[in-house]
Amino acid sequence: MPEKLANSTAPVLLMQAVAKSYGSVEVLLGVDLTVTQGSIHGLVGLNGSGKTTTLDCLLGLSAINAGRIEILGLPPARLHETEGAIVAVFDTPSLHSQLTVRQTLQHAATLCPSPSRSVDELMTLLSLSRYGDYKLSKLSLGNRRRVSIAHALVGDPSLVLLDEPFNGLDAGGVDEVLALIQRLNRDHGMSFLLSSHQLPYLQSICTHLSILHGGRILASDSLDALLAGSQSILTVTTPNLTAACEILGSRTDLQIRADSSATHLRLTLEGATPAEINRLLVTSGIEVQALVTEQASIESLFRELTGASADQPAGERAA
Amino acid sequence: MRVAQTSACLKACLHAELHLARHSLGTRLLVLTPLLIACLQLMIASLGETGAQAQQALLGAEAESTQQGYGFWVDSLLTGLTCLSLLAVAQAAYGLAAERDSGALRHLVIRRASRSTLVVSKLIALHLLIALALFLLLLGSWGLSALLWELGPVIEDGYELISEGEIRTEIHLGLQLAILPLPAALAFGILISVLAQSATQSLTLALGATLGFDVFKASLGDSAGYVFANFLPSLVDASYLGDVARLARGYSDVLIDERLLSLNTWTPLPAFLLCLVLSLIFIQRKSL
């Protein structure tokens, strides 16, 4: 197994100008993606944006039409040579349903040259101890998801790819998985690539983020850098909308957004603060009924870059 | 270095395959069904013979066993092998395709196995299972035959018509010729599973082709001898083992056609290699 890279900024995964089409349907149009050692990298995109295809290409499950992919310095067709340094958890738990939980983890152990954790240890880690003798087909989706994650952690992987890891998990389960990912990242230096439509979860855990849209990566950077570049939005509720527009329209440290309505004025803050705006309107004799600030978030950034409607449910926006 | 790595990888995959096989109902059926069917046939034959003897006794005739057991044993072997060959094709066609459908195959490819190793390890595991099924079939059916009948030479009017040694030699040859096409049948099943889009499609295609050949092999005439499936024990049987059953009952006119013997010996090997090579080629381009 390759030793974990000492350099924390060294890429463990590299995609350059990767193109993939199914027949005449072009899914990836030149995807560039870099995941650095020790990072937790989120990949978000709309339905059909090519997230699953990207993961399939990365793992060598689908052949690419153009471009270059390297994972731990190897092309996807030779991933098996890492002997378990790269593992994946798929959106549908893709394991043998006729096996029990214990047998499934034992099966994974047969594939590892030196399993780093015992089956019992893994079952305890993922709260699966009481289900050890249950067949996978008898488990709930959430518990099958736990088994998939335990299955991935049998060896000592350097890079874990997770496709929709929070699907089917209850709130407690999500917290457990989030904590586990953070712990494995912090204590064992494991890198993660997570694709998920649960944007708040990604924001709480990811160090890096890539937004995939229309077969291309629109933005990819550390979360801090992406959010620093994203502007806050202020919604002002006032009965004197026209007058408020006239006063605020002359300022250069804010912009009136096109999605303002007849009762709400939406402003993109480019230096102005909510307190300043409130003071200005009140001193001008305009009644301010409410001021709501939307902090920069993955969700607003995602909406901004992809043009996804705010009315769409989160699951549809970035599934 | 590379050879050692490939060998370790193959060993790990085989270990994983056998772990799965130990806990799979399909494997148990593959290993035990031929034995159970053969034993069932022997018991039905024994009951039939006992019934006939009882009928003769009631009619006042002297009730005695008219046949020794080798004929029944070979009949049961033929049935068991027919069942085994069909199950082998089905299991080979279903296993890989079903794992691809469920996505379980992906973990093997990502973690440990090249696509070629995957195919080879599946083929080796299937051979081991078939060997186990054959061993159980031979041992179990022989044991039950020996229990129910006397296994000895064919004697008619006090004269030994066919010696036990001759019968055993022919049974050995018949078995050898019936077993030789099994690896080709397994490789054929694997090839279909690589080419098919789903497990259901794969199973239907493989069994359909095998049974379809049975229906049409008579009309193919001599050229049927160039297809490995011609020599598999099957529902419309053309294997030499069927002739051996007649020989073991005293039909001394059984003669083996040297040309067929030669085709039976050599046709399965190129078929096996062809199916294996095609499987190894097509699996490289298959989306998993």
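Residues numbered from 1 in each chain as written. Chains lettered and ligands numbered in written order. Predicted model: local features only at pLDDT ≥ 70, side-chain atom pairs only at ≥ 80, totals over all residues.

## Quick word on the overall build of chain A
Part 1 of the reasoning: Secondary structure summary: chain A contains eleven helices and 13 strands in total.
Part 2 of the reasoning: When its C-alpha atoms are laid out on the principal axes, chain A stretches across 75 × 45 × 40 Å.
Part 3 of the reasoning: Going through the 319 residues of chain A one by one, you find that 42% of them count as buried.
Part 4 of the reasoning: Considering only intrachain contacts with a sequence separation of at least 6, the fraction spanning at least 24 residues in chain A is 68%. (Helix = DSSP H or I, 4+ residues; strand = E, 2+ residues; numbered from the N terminus. Buried ≥ 20, exposed ≤ 12 C-beta atoms within 10 Å, placed from the backbone. Contact = placed C-beta atoms within 7 Å.)

## Re the overall build of chain B
Part 1 of the reasoning: Helix and strand counts for chain B stand at eleven helices and two strands.
Part 2 of the reasoning: Element order for chain B, N to C, with α for helix and β for strand: α-α-α-α-α-β-β-α-α-α-α-α-α.
Part 3 of the reasoning: In terms of principal-axis extent, the alpha carbons of chain B reach across some 75 × 40 × 35 Å.
Part 4 of the reasoning: The buried share of chain B, reckoned over its 288 residues, is 45%.
Part 5 of the reasoning: Within chain B, counting contacts between residues at least 6 apart in sequence, those at least 24 apart form 85% of the total.

## Things to note about the interface of chain B and chain A
Part 1 of the reasoning: With 23 residues of chain B at the contact, the number on the chain A side is 24 residues.
Part 2 of the reasoning: Of all elements in the fold, only α1 (2–22) and α4 (104–111) of chain B reach the threshold of two or more residues within the side of chain B that touches chain A.
Part 3 of the reasoning: Its residues assigned to classes, the side of chain B that touches chain A comprises eleven nonpolar, eight polar and four charged. (Nonpolar A, V, L, I, M, F, W, Y, C, P; charged D, E, K, R; others polar.)

## A word on the sheet that holds strand β12 (residues 264–269) of chain A
All names here are of chain A.
Part 1 of the reasoning: With antiparallel pairing, the four strands of this open sheet are ordered in space as β11-β12-β10-β13. Each edge of the open sheet is held by one strand with a lone partner, namely β11 (254–256) and β13 (290–294). Across this sheet, the average inter-strand angle for adjacent strands is 25°, counted without regard to direction.
Part 2 of the reasoning: Where strand β10 (residues 233–237) and β13 come together, five bridges link them in antiparallel fashion. The residue of β13 that forms the bridge with Val236 is Leu291. (Pairing = 2+ DSSP bridges. Axes fitted to C-alpha atoms, helices over the stretch in contact; angles between N-to-C directions.)

## Here's the deal with the packing of helix α3 (residues 70–102) of chain B against helix α7 (residues 182–195) of chain B
If you want to describe how two helices pack, look at the angle between their axes and the distance between the axes.
All names here are of chain B.
Part 1 of the reasoning: Between α3 and α7, the shortest axis-to-axis distance is 7 Å and the interhelical angle comes to 30°. It follows that α3 is roughly parallel to α7 by the angle criterion. Handedness of the crossing formed by α3 with α7: right-handed. Judged by residue contacts, Ser85, Ala88, Val89, Ala92, Ala93, Tyr94, Gly95, Leu96 and Ala97 of α3 engage Leu182, Ala185, Leu186, Phe188, Gly189, Ile190, Ile192, Ser193 and Val194 from α7. (Parallel < 35°, antiparallel > 145°, perpendicular 65-115°, else oblique. Left-handed = near helix turned anticlockwise from the far one by under 90°.)

## Here we look at the environment of Ile37(B)
All names here are of chain B.
Part 1 of the reasoning: Looking at the element boundaries, Ile37 is found in helix α2 (residues 25–58).
Part 2 of the reasoning: Along the backbone, Ile37 and Arg106 are 69 residues apart, and their C-alpha atoms lie at a distance of 36 Å.
Part 3 of the reasoning: Among residues more than four places away in sequence, those in contact with Ile37 are Thr79, Gly80 and Cys83.

## Focus: the pairing of strand β1 (residues 11–22) of chain A
Each regular strand displays side chains that alternate between the two surfaces of the sheet.
Residue and element names in this part refer to chain A.
Part 1 of the reasoning: Where β1 meets strand β2 (residues 25–36), nine bridges bridge the pair, whose relative direction is antiparallel. Residue pairing across strands places Met15 opposite Leu33, the latter belonging to β2.
Part 2 of the reasoning: Between β1 and β2, which pair antiparallel one after the other, the connecting turn spans two residues, and Gly23 there sits at a positive phi close to 65°.
Part 3 of the reasoning: Summarising the sheet, β1 and strand β4 (residues 66–71) pair through five bridges and their orientation is antiparallel. Bridged to Leu14 within β4 is Glu70.

## Observations concerning the pairing of strand β8 (residues 208–213) of chain A
Residues and elements named next belong to chain A.
Part 1 of the reasoning: Buried residues dominate β8, accounting for five of its six residues.
Part 2 of the reasoning: When strand β3 (residues 40–45) meets β8, the two strands line up parallel, connected through five bridges. Along β8, the bridge assignment pairs Val44 with Ile211.
Part 3 of the reasoning: A loop of two residues connects β8 with strand β9 (residues 216–222), the two strands running antiparallel in sequence, and Gly214 in this loop sits at a positive phi of about 60°.

## What to know about the sheet that holds β1(A)
All names here are of chain A.
Part 1 of the reasoning: Strand order in the open sheet formed by three strands is β2-β1-β4, with antiparallel pairing between adjacent strands. Strands at the two margins of the open sheet, each flanked by one partner only, are β2 and β4. Going across the sheet, the axis of each strand differs from the next one's by a mean of 15°, ignoring polarity.
Part 2 of the reasoning: Relative to β1, helix α1 (residues 51–58) is tilted by about 115°, and along the sheet it contacts β1, β2 and β4.

## What to know about helix α8 (residues 199–220) of chain B
Residue and element names in this part refer to chain B.
Part 1 of the reasoning: For α8, built from 22 residues, the straight-helix expectation of 32 Å at 1.5 Å per residue is met to within 8% by its first-to-last C-alpha distance of 30 Å.
Part 2 of the reasoning: Of all the residues in α8, the buried ones are Ser202, Leu203, Ala206 and Thr210.
Part 3 of the reasoning: If you follow the buried residues of α8, they end up packed against α3 and α7.
Part 4 of the reasoning: Of the residues trailing α8, Gly221 is marked for its positive phi of about 65°. (Expected span 1.5 Å × (residues − 1).)

## Digging into the confidence of the model for chain A
Residues and elements named next belong to chain A.
Part 1 of the reasoning: Overall, the predicted model of chain A reaches an average pLDDT of 83, with 92% of residues at or above 70.
Part 2 of the reasoning: Segment residues 1–7: pLDDT under 50, and 13 contacts once partners within four positions in sequence are set aside and those in other chains are kept.
Part 3 of the reasoning: Scored below 50 in pLDDT, residues 310–319 shows 17 contacts in the model against residues more than four places distant or in partner chains. (pLDDT = per-residue confidence, 0-100.)

## Examining unusual backbone geometry
Residue and element names in this part refer to chain A.
Part 1 of the reasoning: The phi torsion at Leu72 lies on the positive side, around 50°, for a residue other than glycine.
Part 2 of the reasoning: Its location among the elements puts Leu72 in the loop between β4 and β5 (86–89).
Part 3 of the reasoning: Residue Leu72 is classed as buried on the basis of its 23 C-beta neighbours within 10 Å.
Part 4 of the reasoning: The phi dihedral of Glu164 is positive, around 50°, even though this residue is not glycine.
Part 5 of the reasoning: With respect to the helices and strands, the residue Glu164 is situated in the loop between β6 (159–163) and α5 (171–188).

## So, the domain arrangement of chain A
Part 1 of the reasoning: Structurally, chain A comprises domain 1 (11–227) and domain 2 (231–295).
Part 2 of the reasoning: On a C-alpha basis, the centroid separation for the pair domain 1 of chain A and domain 2 of chain A is 43 Å. (Domains from an automatic or database assignment.)

## What about the nonpolar core?
Part 1 of the reasoning: Counting 157 residues, the largest nonpolar core has Val74(B), Ala88(B), Leu186(B), Ala187(B) and Ile190(B) as its most contacted members.
Part 2 of the reasoning: With 18 residues, the top contributor of residues to this core is α3(B).
Part 3 of the reasoning: What Ile190(B) contacts, discounting residues up to four positions off in sequence, is Ala92(B), Leu96(B), Val119(B), Lys122(B), Leu123(B), Cys275(B) and Ser279(B).
Part 4 of the reasoning: Grouped together as the second largest cluster of nonpolar side chains are nine residues, Ile233(A), Val236(A), Ala244(A) and Ile277(A) included. (Core = buried A, V, L, I, M, F, W, Y, C linked by C-beta atoms within 7 Å.)

## Some thoughts on the environment of Val74(B)
All names here are of chain B.
Part 1 of the reasoning: Structurally, the position occupied by Val74 is in helix α3.
Part 2 of the reasoning: Separated by 71 residues in sequence, Val74 and Ser145 have C-alpha atoms that sit 9.6 Å apart.
Part 3 of the reasoning: If we ignore the near neighbours within four places in the chain, the residues touching Val74 are Ile171, Leu241, Val244, Ala245 and Ala248.

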